[in-house]
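The primary structure of each chain is shown beneath.
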Amino acid sequence: MLKTINNLKALHSTYLSTRNLQQSKTKWDLLTAVCVERKPIVTPALTELEQTFHKYLSEKEFELSLKSDHELQHEAELKQQSLLKKGDVDLDATTKQTAQDFLDACTEELAQFKFADRLTDADRSNNLKVISRKLDKHLVLLTKQKLGKDNIFLLPQGVRQDGETLRQCAERVLKESCGSDMKTKFYGNAPCGFYKYTYPKSVQEETDSVGAKVFIYFARHCAGEPKDTDCKWLDRQELQKELNPKYLDSVAAFLIDEK
Amino acid sequence: MISIISSFSRLSLLPLPCRTSKLLFHTSPCLAGEPLKKKKRLDPAIIKAREDRKKRKIEKQIRRLEKNARQLKPIEECEIPLVLLDNQKERVRQPFKYSKGVLETRELLEKQWAKYKHEEHLADIQLVDRIMYAQQKAVDELRKESEELYLEAVQIEPMLLPLKIEGPSDTPSIHNYYAPDGDYQDVSRKWN
């Protein structure tokens, strides 16, 4: 028992020393990025199987149900009408609304009501910048950023400053890049994803750090739109085209799949 | 001696709670004075009638409570209305008759559905595993960089709960839509 503890201690100390060595040898910049996701607002379209099964279930439910008051009333009225035709019953005042009338009125009201369109103006004009697009999809916010010489679209990111926790840094980065109008909800204090890249040789010598370690936080979009930035709201497939494959792997690792 | 003290107390030199503050400022009772109100004299018959009415009201309540003492308040939502029990037979539908083919396709559909849901469930489990792994990896990498930041990151976030989420719905909500509310009549019985 004691032996194993000693062994563990030894292991731990070697681990610590190698860690210190590594730290002294190579310095990494710590960056945080924020993955702001807009959740779907409308339900996705049903697949073929889902549709047929839905139909089957409603049929089954109808079969197992008992007749409602409305149906009973309707049947009674039909019976009365057939009697009237035969002339068995004399005409008494039947000005009240029949079940059929009620049904017709309801169908008319439903037909007149205009539901909001599942496709929005942004979908029709293929505007990537506004949030009200692709209502049935998860959308991720990318902003244009200068990385080395070129501008590319990435998750909003920034370097951690001294004295900040990563979470505070993430909130600051988001505020700086998107303004304070956009309301989000961060999912916890811990980062959800990780990405690491090395700088080119020239930059390495300049900054004497090997590269950057990006800790990605996940935030759910609540309200508002980003301000004064060149941004894009992209669904999963569009993300695949936009991001570089390695970066995409780290981002997609913590995102929910879409059918 | 005693008589002197008693005369002093009558002069109200002893601090009365309403006339002195805690700082021992004495306010003169004269300042709070006002002309006496003339006491209304009520007819004793009216007073008696009033008291009787009160008594009767309470008695009535007691009687009502005693009547319902053994009886528990019914949960109306959980009881089948008698009307429905009466005409239950009228409400039964004609049994549906389907050909063998239809029944078989239905059976097949159910099996297909079970398989579909099973696959979906497996995919969900894998998804959760993948997301948890990604987070664990991120946290581990953070620990390698700085123990302090790691400890900050694994703190519980108290602001996250309660979390309220709406949607998704079948169609998006209409902007500035006023939902007309129907009238209703409260017909529930009173129990007290």
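Residues numbered from 1 in each chain as written. Chains lettered and ligands numbered in written order. Predicted model: local features only at pLDDT ≥ 70, side-chain atom pairs only at ≥ 80, totals over all residues. Heavy atoms only, no water.

The name given to chain B in an unreviewed UniProt entry is Large ribosomal subunit protein mL40, and the organism recorded there is Photinus pyralis. The UniProt entry for chain B carries the following comment under Sequence similarities (unreviewed entry): "Belongs to the mitochondrion-specific ribosomal protein mL40 family." Entered under Subcellular location (unreviewed entry) in the UniProt record, the comment concerning chain B runs "Mitochondrion". (UniProt positions renumbered as here; feature names shortened; annotations may be inferred.)

An unreviewed UniProt entry annotates chain A as Large ribosomal subunit protein mL46 of Photinus pyralis. Per UniProt, the comment on chain A under Sequence similarities (unreviewed entry) is "Belongs to the mitochondrion-specific ribosomal protein mL46 family." UniProt annotates chain A under Subcellular location (unreviewed entry) with the comment "Mitochondrion".

**Some remarks on the pattern of salt bridges**
For the structure on display, the rule yields 28 salt bridges over all chains. Taking the shortest distance from any N to any O, the salt bridge between D121 of chain A and R124 of chain A comes out at 3.0 Å. You can see D121 of chain A and its partner R124 of chain A sitting in helix 5 (residues 121–125), 3 residues apart, about one turn around the helix. The residue E147 of chain B makes a salt bridge to R143 of chain B at a minimum N-O spacing of 3.2 Å. The partly exposed category is assigned to E147 of chain B, whose relative accessible area is 30%. One salt-bridge network, held together by shared partners, links R133, K134, D235 and E238 of chain A. (Salt bridge = Lys/Arg side-chain N within 4 Å of Asp/Glu carboxyl O. Helix = DSSP H or I, 4+ residues; strand = E, 2+ residues; numbered from the N terminus. Buried < 20%, exposed > 50% of the residue type's maximum accessible area, 1.4 Å probe, protein only.)

**A look at the packing of aromatic side chains**
What the rule picks out here adds up to 14 aromatic pairs over all chains. With a centroid separation of 5.3 Å and an interplanar angle of 45 degrees, the aromatic rings of F194 of chain A and F215 of chain A are classed as tilted. Residue F194 of chain A is located in strand 6 (residues 193–198), and its partner F215 of chain A is located in strand 7 (residues 211–223); the two are separated by 21 residues in the primary sequence. F215 of chain A shares its class with F194 of chain A; the two are buried. Ring geometry for F96 of chain B versus Y98 of chain B: centroids 6.4 Å apart, planes at 15 degrees, classification stacked. Ring-pair connections join several aromatic residues into one group, and the members of that group are F53 and Y56 of chain A together with W113 and Y116 of chain B. When the ring centre of W28 of chain A is taken as origin, the NZ or CZ atom of K213 of chain A, which lies over that ring, is 5.2 Å away. (Phe/Tyr/Trp six-rings, centres within 6.5 Å; stacked < 30°, edge-to-face > 60°. Lys NZ or Arg CZ within 6 Å of the ring centre and 35° of its normal.)

**Here we look at the interface of chain A and chain B**
Contact residues are listed per partner, giving 57 residues for chain A and 47 residues for chain B. The interface formed by chain A and chain B holds 9 salt bridges in total. One can count 23 residue pairs in polar contact (both at pLDDT 80 or more) joining chain A with chain B. Among the elements of the structure, helix 1 (2–25), strand 1 (28–38), helix 2 (48–64), helix 3 (69–86), helix 6 (166–178), strand 5 (183–186), strand 6 and strand 7 of chain A are those that each provide at least two residues to the side of chain A that touches chain B. Tallying contributions element by element places helix 2 of chain A first for the side of chain A that touches chain B, with 9 residues. For the side of chain A that touches chain B, the class distribution of residues is 28 nonpolar, 10 polar and 19 charged. (Contact = heavy atoms within 4.5 Å. Polar contact = N/O pair within 3.5 Å; in protein donor to acceptor, adjacent residues only side chain to side chain. Nonpolar A, V, L, I, M, F, W, Y, C, P; charged D, E, K, R; others polar.)

**Remarks on the packing of helix 2 of chain A against helix 5 (residues 100–145) of chain B**
When two helices pack together, their arrangement is given by the angle between the helix axes and the distance between those axes. Look at helix 2 of chain A against helix 5 of chain B: their axes get within 11 Å of each other, and the N-to-C directions meet at 125 degrees. By the angle between their axes, helix 2 of chain A is oblique relative to helix 5 of chain B. Handedness of the helix 2 of chain A/helix 5 of chain B crossing: left-handed. Residues L49, E50, T52, F53, Y56, E59, K60 and E63 of chain A of helix 2 of chain A form the contact with helix 5 of chain B, whose own contacting residues are R106, L109, E110, Q112, W113, Y116 and E120 of chain B. When its residues are assigned to classes, the contact of helix 2 of chain A with helix 5 of chain B shows 6 nonpolar, 2 polar and 7 charged. (Axes fitted to C-alpha atoms, helices over the stretch in contact; angles between N-to-C directions. Parallel < 35°, antiparallel > 145°, perpendicular 65-115°, else oblique. Left-handed = near helix turned anticlockwise from the far one by under 90°.)

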